[in-house]
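These are the residues of each chain, in order.
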Amino acid sequence: MKRIIYLKILVHIVALLPFCWLSWQGYLLMNDQSNELTANPIQFIHHFTGNWAIRFILLGLAITPLRKIFGWNRLIQFRRMIGLYAFFYVTLHLSNFVILDYYFDWAAILKEIIKRPAITFGMVAILLLIPLAITSTKGWIRRLQKNWIKLHKLIYGIGILAVIHNIMMVKADIFMPMIHITLLALLLGYRFAFRERQA
Amino acid sequence: MKINIKKQSDVKSSEITPENIYHNRRKFIQDSIKIGVGAAALGSVALNFPEALASGASDASGKTLNNIIRNNIYPLNEKMTSYEAVTTYNNFYEFGTDKEDPALNAHSLKTRPWTIKIDGHVEKPGDYDIDDFIRPHDLEERIYRMRCVEAWSMVIPWVGIPLADIIKKLKPTSNAKYVVFETLVDKEQMPGQRREVIKWPYVEGLRMDEAMHPLTLMAVGLYGEELPNQNGAPMRLVVPWKYGFKGIKSIVRMRFVEDEPNNSWRRLAPNEYGFFANVNPTVDHPRWSQASERRIGEFRRRETLMFNGYGDEVASLYTGMDLKKYF
């Protein structure tokens with residue numbers, strides 16, 4: 001039991017590393033010291049938080065296959081926190097868009113969400129992630145019972161929307177989004193194959 | 001580099017020093033001499049220093065270019081983007097697709113000796129050495145806005161030669177309706193070319209009247225120094241009223257042709273990038289708005305200007321054209 005607590009602390013630390021690094025670089029920027037945020041920090045933060053959001057979504061989707069393939073059943077105890085970190089980085093991503101990039105210019109923001117399919121997909125993915133984050137507590141799991149599992153299957157759709165959003169926003173170099181898409185295809189493909197065998 | 005949330009009175013050294021490398025005393029004298037010689041030929045030339053005159057250390061480390069004439073036919077009273085930002089935030093896929101890649105990787109490019117091939121409908125075709133190509137011309141400094149199609153912008157003091165002067169010397173024939181430019185292809189020198197992210201070589205083109213327009217510059221330097229490799233050394237195009245991707249870098253070939261060429265980005269995504277690529281806030285990129293832009297170093301977006309603010313000079317080139325169709 002104690003070991004699990006230590007492991008959870010370790011996962012928290014690892015999951016917060018990208019955020020801590022970003023904050024540190026932001027601190028350097030505000031103090032006019034050399035930093036890694038490039039000459040266009042807002043765009044850099046946008047790509048950085050978006051990429052980490054997708055990585056945590058993929059990591060959350062990897063828990064079940066890893067459990068089943070390697071028999072690591074305890075992994076399930078980390079799934080909620082991984083999912084909530086995905087939500088955390090998604091929130092940073094959206095905040096950067098709304099606050100730093102468009103500075104609460106709601107008319108422009110709304111126009112972009114409606115007019116650009118890539119942004120529409122991203123926005124829908126974020127909205128769908130909200131009920132999952134809210135119902136991640138033990139109380140909600142108990143209250144929703146079987147419906148909880150059904151509700152949380154939304155993450156498959158969220159993952160698909162997220163990688164589509166990702167590849168659509170890229171100008172020409174689709175290397176990174178293709179890695180994300182491939183990983184997602186493997187993770188969803190595993191579930192599909194597994195389900196067939198059961199039937 | 002900085003986000004302006006702090007008080008305006010907090011002027012930091014980084015805001016004022018880098019721009020001034022070429023405004024030191026020695027350079028002032030050189031320029032004055034050159035102005036004396038060249039003023040008559042150039043017309044309305046006047047030396048006009050920005051308010052920050054303090055000579056200070058610069059991040060710049062390249063070779064200083066001598067005898068630059070400051071051309072103030074197109075004055076621009078906007079704060080210049082720092083040398084550091086101009087030389088570390090680049091789109092130059094030949095050296096990698098991240099903005100910081102070119103500055104990290106472009107050292108492998110050898111810019112001397114450098115040959116420029118001139119062919120097509122032209123009276124003086126041939127393989128020209130870069131120095132022979134440039135030597136007959138005066139170098140001018142032009143401070144231009146640079147608007148990237150990705151909705152960010154800079155203000156850059158280029159050093160170069162009006163492309164029209166170069167073209168006049170090459171004497172294109174009446175069949176020449178367009179000029180096509182090509183970038184070097186060399187996987188060893190340009191490691192980004194090991195992946196076919198776009199089809200190499202990078203190709204750009206201008207209609208003849210655009211190429212001959214006095215604003216169009218063949219740049220060999222910035223901030224008074226030779227172009228850093230990541231900015232397109234030894235020679236790159238600058239067309240300030242068009243999106244930045246028209247400014248083809250590390251040019252090895254100029255071809256004079258009759259038909260409109262297919263430029264690299266249009267070849268990749270013809271619904272997103274056109275041949276003309278004029279900066280136009282009313283014609284959006286399909287995936288993002290072009291109505292506003294972020295000036296590098298500023299926090300809030302600013303409105304994008306038609307033809308990037310050069311409408312008085314260039315709008316007449318496109319009279320009667322549907323700019324929504326010919327974007």
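Everything numeric here is computed off the predicted structure, so don't read it as measured data.

Trainee: Explain the packing of aromatic side chains to me, using residue names and the numbers behind them.
Mentor: In the structure shown here, the tally under the stated rule is 30 aromatic pairs over all chains. Measuring from centroid to centroid gives 6.1 Å for Phe56(A) and Tyr85(A), while their planes differ by 35 degrees, and the two rings are tilted. With Phe56(A) in helix H2 (residues 41-70) and Tyr85(A) in helix H3 (residues 76-101), the pair connects residues that are 29 residues apart, well separated along the chain. Under the relative-accessibility criterion, Phe56(A) is labelled buried at 6%. According to the relative accessible area criterion, Tyr85(A) is buried, its value standing at 11%. Aromatic rings pair up to connect Phe19(A), Trp21(A), Phe44(A), Phe48(A), Trp52(A), Phe56(A), Tyr85(A), Phe88(A) and Tyr89(A) into one cluster. Across the ring face of Phe275(B), the terminal group of Lys246(B) is positioned such that the distance to the ring centre comes to 4.3 Å. Seen from the ring of Phe92(B), Lys249(B) lies directly overhead, with NZ or CZ sitting 5.1 Å from the centre.

Trainee: Lay out the nonpolar core in plain terms, naming residues and giving numbers.
Mentor: Phe181(B), Met254(B) and Phe256(B) are the most contacted members of the largest nonpolar core, which totals 92 residues. When residues in this core are grouped by element, the largest group, 7 residues, is from strand E5 (residues 152-162) of chain B. Ranked by size, the runner-up nonpolar core spans 25 residues in total, among them Ile54(A), Ile82(A), Leu132(A) and Ala162(A).

Trainee: Explain the environment of Leu29(A) to me, using residue names and the numbers behind them.
Mentor: Among the secondary structure elements, Leu29(A) is positioned in helix H1 (residues 2-30). Distance from Leu29(A) to Ile141(A), taken between C-alpha atoms, is 42 Å for residues 112 residues apart in sequence.

How each quantity is defined
- Residues numbered from 1 in each chain as written.
- Chains lettered and ligands numbered in written order.
- Predicted model: local features only at pLDDT ≥ 70, side-chain atom pairs only at ≥ 80, totals over all residues.
- Heavy atoms only, no water.
- Phe/Tyr/Trp six-rings, centres within 6.5 Å; stacked < 30°, edge-to-face > 60°.
- Helix = DSSP H or I, 4+ residues; strand = E, 2+ residues; numbered from the N terminus.
- Buried < 20%, exposed > 50% of the residue type's maximum accessible area, 1.4 Å probe, protein only.
- Lys NZ or Arg CZ within 6 Å of the ring centre and 35° of its normal.
- Core = buried A, V, L, I, M, F, W, Y, C linked by side-chain atoms within 4.5 Å.

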